[in-house]
Each structure stands twice: as C-alpha cells, then as structure tokens.
Amino acid sequence: MAELDADLDRILPSPVLPPFWAKLVVGLVAIVCFARSYDGDFVFDDSEAIVNNKDLQAETPLGDLWHHDFWGSRLSSNTSHKSYRPLTVLTFRINYYLSGGFYPMGFHMVNILLHGGISVLMVDVFSVLFGGLQYTSKGRRLHLAPRASLLAALLFAVHPVHTECVAGVVGRADLLCALFFLLSFLGYCKAFRESTKEGTHSSTFWVLLSIFLGAVAMLCKEQGITVLGLNAVFDILVIGKFNVLEIVQKVLHKDKSLENLGMLRNGGLLFRMTLLTSSGAGMLYVRWRIMGTGPPAFTEVDNPASFADSVLVRAINYNYYYSLNAWLLLCPWWLCFDWSMGCIPLIKSVSDWRVIALAALWFCLIGLICQALCSEDGHKRRILTLGLGFLVIPFLPASNLFFRVGFVVAERVLYLPSVGYCVLLTFGFAALSKHTKKKKLIAAVVLGIVLINMLRCVVRSGQWRSEEQLFRSALSVCPLNAKVHYNIGKNLADKGNQTAAIRYYREAVRLNPKYVHAMNNLGNILKERNELQEAEELLSLAVQIQPDFAAAWMNLGIVQNSLKRFEAAEQSYRTAIKHRRKYPDCYYNLGRLTQAGRDPETTLHKYADLNRHVDALNAWRNATVLKPEHSLAWNNMIILLDNTGNLAQAEAVGREALGLIPNDHSLMFSLANVLGKSQKYKESEALFLKAIKANPNAASYHGNLAVLYHRWGHLDLAKKHYEISLQLDPTASGTKENYGLLRRKLEQMQKKDV
C-alpha cells in the first residue's frame, strides 16, 4: 500500500524506520504512558478478583481453577458471575507465587509489560491491515505500509481508554485476551503464505493453530471467541476478494455469471469457513455447558436499559450506549471506573436531545460501511472493511444483542475495538493529507493527539494508583452515580473517617433508594456510633428490598442484640445462615448473643443465661469449622467453658486453637487463665509472659499474671505486675482490690517478721 504511505509522507516525514526499530519505539512509548501505575495499590475489583480470591493461594488445588469463575466462586452456584477465565486466574496465581504474597507491584508490572508487548505486536497487525499480504520468494511477508503501521500502532499504544486494562490488575483478562486474539489473527494470515510444495498442509496447520489460539483467548476472556468471526470476514472479503457492489449489481441485472462466482467454487475457502464455524459452535457449546446453571443474573442497577418494558426504549438506549463508546474512543477525556447506577439516565422518549448522538453514530457508520463494501478501490475496501471489522466484531459480546450484560459502559471492553478506531483514524489522516495542501497543520494535529493522549495516560494512570484518587476522579464525570458515592464512603470508612463516610453513604442512598449495600454499610456505622434506631430502620429496609441479603440480616441481628431484643436478633442470625450456609461470622454472633456489652471477657451470654451452653458452643464450633482462624469464636468457647467450670474441656479447646493460630496473644491469655485455675502454674506463667511480649500494653494481661503469682505465692512478682497493670489502666477496680489485698498481706507478713 505504497499510495497510503505516500499520503502520510508529508505528515510523518521522518525516515522510514525498519520494523525492529519501529516496534522498539512503540513498545517504549506504550510502557512510558502507563509506567506511573507500577507501584499502585490493588483497587476496585482487584480486591475481589485477587486479594479475596482463594484460587490464587497454594492451598487451592490447581484443578479447581477450571470449575470456578473469575472471582473464585463455583460456576455451578446461582450467585456465580459466570465469567470463565481460568488462564487469567492462573497468571494471577503465578504472580502471587513469585511475589511471595499479595504485593501489587509485581501484578502491575506484568500488566504494563503485556500492554507494551501487545503494542509491539500491533505494528505487524497494522502492517497487514494497511499493506496487505505479499511475500518474498523466501516466504517472508513484505512491510508495504511502514509509516501507516507506525502511526496506527502509536495511536493504539497511547490511547487513554486503555488505562483501566493496564493500571487495574483485573484488566489483565482483556490484555491476555487481546494478545492471543492478535496472535490468532496473524496466524490465520500465515495460512495464505505462498508455498509451492506444501501449500495445502501449511494452510490447514495455520488455520488450526489460529483456532487454537482463539480458544486460548476465550479462556482468558469471553470476548476472545470473536476472533473466529474476524478471521472469516478477512478470508471472505480480503483473501476471497468478495465485492459486495459487484454481486449486488449482478443480482439486480440477473447476470448469469453469478452462477460461476469464483468464491462459491473455491473449495479451500469453504473448507476454512467450515472449520471456523464448527470450531466456534463447539467452543460456544462447551462454554454453555461449563456455565452450568445458565446465564448470570444481573440487576436493574447494573444495566437499566435491558430491564425496560418497551422494545423501542431498549433499542434507543442500547444505541445511545454504542455512541458513548464511540465518543470514548474519539475523545477519551471523561473516563470513569464505573458507568452504572444512574450515571447515564435512560432515554425514555425520542424527544430527548441525546438521540442526536444515535443519529450521528449511524450516519458515520452507514457511510463507512457503504465505502467499505461498495468502493471500486480495492485497497480502500480492504482497509475500511478490516477497520470496521476490528471495531465492531470484538465489541459484539458487550452489545446486549445476544444476551444481557452486567454494565452500561465499560472502558475495558474497548481495548480490542480501539484497533479498528486506530485503523480508521490513520486512514482518515492519509485521506486528508491527499486532499489538502495544509500538510503541516495535519502533522501538528497528529502530533498533538499523540502527545495529549500520552499526557492523559500518565494522569489517568496516577488516578488508578489508589482507590481514593480513583473514586474521587469519578465525581466530576458521573456525579449521579450512586456507586461512586458508595465507594468514596467505603474508602473513608476504612480509613476511620466515619463522619465523612456517612455523608457519602446517605448521598448514595438518596440517588438510589434501593441501594442495599449502601444501606448496610451506613447501618453498620450508625450501629458503631450507637445510633441504633436509625441503623435498625436502614437494615430492615435493606432486607425487605433484598430478602436474601445475608450480611444485612446478620448486621440487623447485631443491632437488635444491642437493643436487647434477643429473640428478634436470634431470628435474624438464623435467617442470615439460611441464605448463606458457610457464614462463620454469623455463627460467631449467634453464639455471642448478650445482655450487656460485646467484650467476651466481661459479658454474660444470653445462651448461658438460658442454660443454652451447648447451643452457644455449637454456634462457635461451626464458626471455627468454616473459618479455622476465627480467633474470637475460639476465645468465646474457652471463656464459656472456663466460666461454667469445664476446665479440662476449656484447656483442650485452647490447645486446639493455639495449634491453628499459634501467634494469637488473646488465645494465649485465655488458655493461661484456664491453666492457672487448674494449678498448672508453670505452663500458665509461660503463656502469660508470651502474651505480654506480644502485647505489652494490655493491662488485663499483667493483672491476671499478677493474680497467678498471688495464688502461686510469688508475692513480689505479683506486686510488680499489679503495679504495671494499674499504671496501664488506673480505673481497673478488680486489679485495685486484688492489689489492696496483696499489700495488706505483705504488711501482715512484715509485722509478723518484726
């Protein structure tokens, strides 16, 4: 495609770089754009997909990755998201192993390098799209459009819409999918390399390899399967030189030569189409079987247009979403981590001014499609067809046309479609350069776009380094998005700023009165601030809106317990367990129903008051079975058994707990108390001292060790630790009383000695 490169010569006048140097430049630019995110935290969805995903840890068998979704849940579960990406999760697991834990830098570095590698690969992809497939006598493909390939690859490398995929670790699914998608496409191109001896076998091998790489792409993210459709379009329209305009004209004129159309008599093409179609159908069938219980269930807040009753309203809003995606490619200035929950209000009437965006989108698309299919210029047809193919085909799974998706707009799904955008933009610059004399102005525009996009990438990467920056950056883009306010509130609450968190949670509930997660979190904060009545109202409303919301039922039970409504609290706990069988914290709270306070060392247990010791112990035992490291449940079992005189059983439970959590000083303290009462003074002393070493400022640890020494007869040591305890907590009445008894005893002993 020397003509296209000649058109770009004036606006990209630098000497033509050899392919190696062109790739090196593109790769370095791609890495520089997003390098700022290398030391970022795990943000937004990273917490669920990585930090809380047990599939990353060595304790989970590798085989489980093939039965779990992207978030670590079983695919057969009704609550599963059904996102099946085992190869992506496997790379997370390798990252975790090599990093020695959840250290985000290693995860971010892999993402940045992946984007750099994909950008390098784009030089070859764009070379095919712009220059076509021509080979030397030795079978090496010629690079016929080096300037166009370099410019398009640079535009791809610096596009800010890629920030979510690169700076967010979860975006690795899109990066890996894109990598194998492009390898599949390039592999398919190799099937048409000229070969005199082994042509047929070589072609079949590369087609099969391309299909295999497409399957690998699908195992990284579902979007990967669309490469088979793109390869088919490439084969029919580019390799088969299928001219739609010519065919339409022959049909209209009833031309008999239509019966002898070369494409229909091309056995190789029909064979390849059969392979692609049957392979695609097989992949979809296997994927459907793996999903187990059918497609995932999304809610109205995830994708409100898909729940509209009117087909017309759904169609208008879907097309409006497409126009917003197109705008993000054209002008990636307003970027947001989440576009749901009121961020984009529904269009309910054709009188809404936003329908202009739909008309503009389809006006441009129809014009491009007509040029792509009907132009007499074969080079122009190929470039526009493949540009539109890359733009539209990978986007189809996110289009709501085949199934409901769980988002309104998602920047991450534009990673592959942006390839098509870069093709069309580069072609547009070449066309402008050809038809205008202001070459320098076009060159300045191209340079400006590249530099501005680079700057935007650097800024946006910085926003993705922490949740606080990421969430706050969304306020100016989507101020009506309840999830934005919710996430800012959650971030503030995690940092201990409850007052500010309450304000954002209230705004989230105002924007979306059915936002049960915001109600639950707000209710939790109000509970901690002892504003129990409002907390109960919010949590009751949350479970009324979503009756299977187990966490809200448990929190409602805690509030009712604090209000001394024990029967209602017990019912709430049991309802939570009914909806979530494996809920250790709820079993813990069920056993911990109390009449006064929440400190396990100072409370009287309601179960104990009602002679329901066994029920309490069973509840805590269930908690420790589901979560063996549940220190509080172990502690409560030891304390209850201790208080009821079952010292032998308390000792056995304490030893079992320390065997599982050997460095927990609170368990050492509880077991030391039991051993002291059993007159095992030496062992008790060792545990007390170990607990104090771990937590030297705990007044109760020194106080109870003093009691042990007091009983044991080591009065000087008892006096020392009573005094330390009172220095740490001068208000401890029990310690004061025991210290007074000890002093009187010491005084009596002194008088006796005198």
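Residues numbered from 1 in each chain as written. Predicted model: local features only at pLDDT ≥ 70, side-chain atom pairs only at ≥ 80, totals over all residues. Heavy atoms only, no water.

- If you check an unreviewed UniProt entry, the protein appears there as dolichyl-phosphate-mannose--protein mannosyltransferase from Sapajus apella.
- Its UniProt record, at the heading Pathway (unreviewed entry), says of the protein: "Protein modification; protein glycosylation."
- In the Sequence similarities (unreviewed entry) part of its UniProt record, the protein is described as follows: "Belongs to the TMTC family." (UniProt positions renumbered as here; feature names shortened; annotations may be inferred.)

1. Some details on the side chain of Asn-95
1) Next: As for its position among the elements, Asn-95 is in helix 4 (residues 86-99).
2) Next: The exposure class assigned to Asn-95 is buried, which follows from its relative accessible area of 8%.
3) Next: Beyond its immediate chain neighbours, meaning those up to four positions away, Asn-95 contacts Gly-106, Phe-107, Val-110 and Arg-172. (Helix = DSSP H or I, 4+ residues; strand = E, 2+ residues; numbered from the N terminus. Buried < 20%, exposed > 50% of the residue type's maximum accessible area, 1.4 Å probe, protein only. Contact = heavy atoms within 4.5 Å.)

2. Let's talk about the packing of aromatic side chains
1) Next: Tallied over the full model, the rule gives 25 aromatic pairs.
2) Next: With 6.4 Å between their ring centres and 45° between their planes, Phe-92 and Phe-107 make a pair best called tilted. On the criterion of sequence distance, the pair formed by Phe-92 in helix 4 and Phe-107 in helix 5 (residues 104-131) is long-range, its members being 15 residues apart. Both residues of the pair, Phe-92 and Phe-107, belong to the buried class. (Phe/Tyr/Trp six-rings, centres within 6.5 Å; stacked < 30°, edge-to-face > 60°.)

3. Side note on the state of the cysteines
1) Next: Across all of its chains, the model carries one disulfide by this definition.
2) Next: Across a sulfur-sulfur distance of 1.7 Å, Cys-343 and Cys-478 are joined as a disulfide pair. With Cys-343 in the loop between helix 13 (311-330) and helix 14 (355-374) and Cys-478 in the loop between helix 18 (467-473) and helix 19 (482-494), this pair connects stretches of sequence that are 135 residues apart. Of the two residues, Cys-343 and Cys-478, both sit in the buried class. (Disulfide = S-S within 2.5 Å.)

4. Comments concerning the side chain of Asn-325
1) Next: With respect to the secondary-structure elements, Asn-325 resides in helix 13.
2) Next: Engagement of the side chain of Asn-325 in a polar contact is seen with the backbone oxygen of Tyr-321, the distance being 2.8 Å.
3) Next: Dropping the residues within four chain positions of it, Asn-325 is found in contact with Phe-395, Val-409, Ala-410 and Leu-414. (Polar contact = N/O pair within 3.5 Å; in protein donor to acceptor, adjacent residues only side chain to side chain.)

5. Topic: the nonpolar core
1) Next: In terms of nonpolar packing, the biggest core is built from 206 residues, with Phe-126 and Phe-185 touching the most fellow members.
2) Next: The dominant element in this core, judged by the number of residues it contributes, is helix 5, at 11 residues.
3) Next: If we ignore the near neighbours within four places in the chain, the residues touching Phe-126 are Gly-131, Ser-149, Ala-152, Ala-153, Phe-156, Val-419, Cys-422 and Val-423.
4) Next: Counting residues in hydrophobic clusters, the runner-up holds 12 residues, among them Ala-49, Phe-70, Val-169 and Val-170. (Core = buried A, V, L, I, M, F, W, Y, C linked by side-chain atoms within 4.5 Å.)

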